[in-house]
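# Structure assessment
Letter by letter, the chains look like this.
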Amino acid sequence: MAVKDRDRFSTATRLRALGEQTAARVYRSQTKRQARRSRLTGRAALLALVLCSMIVALAYPMRQYVSQRAQISDLQREREQARQRVEQLRDLKARWQDDAYAEQQIRRRLHYVMPGETGYVVVDPGAAKQSRADLRAARRPWYANVWDGVDKADAAGR
């Protein structure tokens, strides 16, 4: 035991213990400093800045791209509708080229009849009531009719 006690008080043993204590203190201070230290390094901050600036720089072109794609789809839809309308008009033109269809439309629209046929016109009863109202309007002064027309136009706008 005497050898152990002597070693305990030797300079080398004291220096070794002092070195170990100092190393432990330095290690503890470094770990505390690392724990307190922000995880955002200069490189990470620069990377975040570059990413944000790229997002801001690309926001407007992306918005333009999306709006142009929407406009293109609208124009394609309009083109398809115009193509369908052209097809309808071509079909109508082809029908009018047929003499039977043209004759049918002339008879229906212009009330034409072929020689030897008797034409009849059916009068709508509602039209007769309307003509009586026109007769009443004809008996009144013209300015009263104008004023009634203004009132009717105003009422139609509501």
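Summary of the structure given here. Quantities reported herein were computed from a predicted structural model and do not represent experimental measurements. (Residues numbered from 1 in each chain as written. Predicted model: local features only at pLDDT ≥ 70, side-chain atom pairs only at ≥ 80, totals over all residues. Heavy atoms only, no water.)

Here the structure, examined in full by the defined rule, presents 2 aromatic pairs. Measuring from ring centre to ring centre gives 5.4 Å for Trp96 and Tyr101, while their planes differ by 85 degrees; the resulting arrangement is edge-to-face. With a centroid separation of 5.9 Å and an interplanar angle of 80 degrees, the aromatic rings of Trp142 and Tyr143 are classed as edge-to-face. Residue class for Trp142 comes out exposed when judged on its relative accessible area of 66%. (Phe/Tyr/Trp six-rings, centres within 6.5 Å; stacked < 30°, edge-to-face > 60°. Buried < 20%, exposed > 50% of the residue type's maximum accessible area, 1.4 Å probe, protein only.)

In this model helix α3 (residues 42–97) runs 82 Å from its N-terminal to its C-terminal C-alpha over 56 residues, within 8% of the 82 Å that 1.5 Å per residue would give. The largest bend in α3 amounts to roughly 35 degrees and is located at Ala59, with the proline Pro61 lying one to four residues further along. (Helix = DSSP H or I, 4+ residues; strand = E, 2+ residues; numbered from the N terminus. Expected span 1.5 Å × (residues − 1). Bend = angle between axes of the 7 residues up to and from the residue.)

A separate point is the environment of Tyr112. Position of Tyr112 relative to the elements: it lies in the loop between α4 (99–110) and α5 (125–139). For Tyr112, the residues in contact, after removing those within four places along its chain, are Ile106 and Arg107. (Contact = heavy atoms within 4.5 Å.)

Both trends apply: most residues other than glycine have a negative phi, and most peptide bonds are in trans. At His111, a residue that is not glycine, the phi angle is positive and equals roughly 60 degrees. Structurally, the position occupied by His111 is in the loop between α4 and α5. With relative accessibility at 57%, the residue His111 sits in the exposed group.

The interhelical angle for the contact between α3 and α4, taken along N-to-C directions, is 90 degrees, at an axis separation of 5 Å. The angle between the axes of α3 and α4 places the two elements in the roughly perpendicular class. Note on element contacts: α4 touches α3 through Asp99, Tyr101, Ala102, Gln105 and Arg109, opposite Leu92, Arg95, Trp96 and Gln97. (Axes fitted to C-alpha atoms, helices over the stretch in contact; angles between N-to-C directions. Parallel < 35°, antiparallel > 145°, perpendicular 65-115°, else oblique.)

Before going further, it helps to examine the side chain of Gln105. On the secondary structure map, Gln105 appears in helix α4. In this structure Gln105 comes out as buried when scored by relative accessible area, which is 7%. At a separation of 3.0 Å, a polar atom in the side chain of Gln105 contacts the side chain of Arg108. Ignoring any residue separated from it by four or fewer positions in sequence, one finds Gln105 in contact with Trp96 and Leu110. (Polar contact = N/O pair within 3.5 Å; in protein donor to acceptor, adjacent residues only side chain to side chain.)

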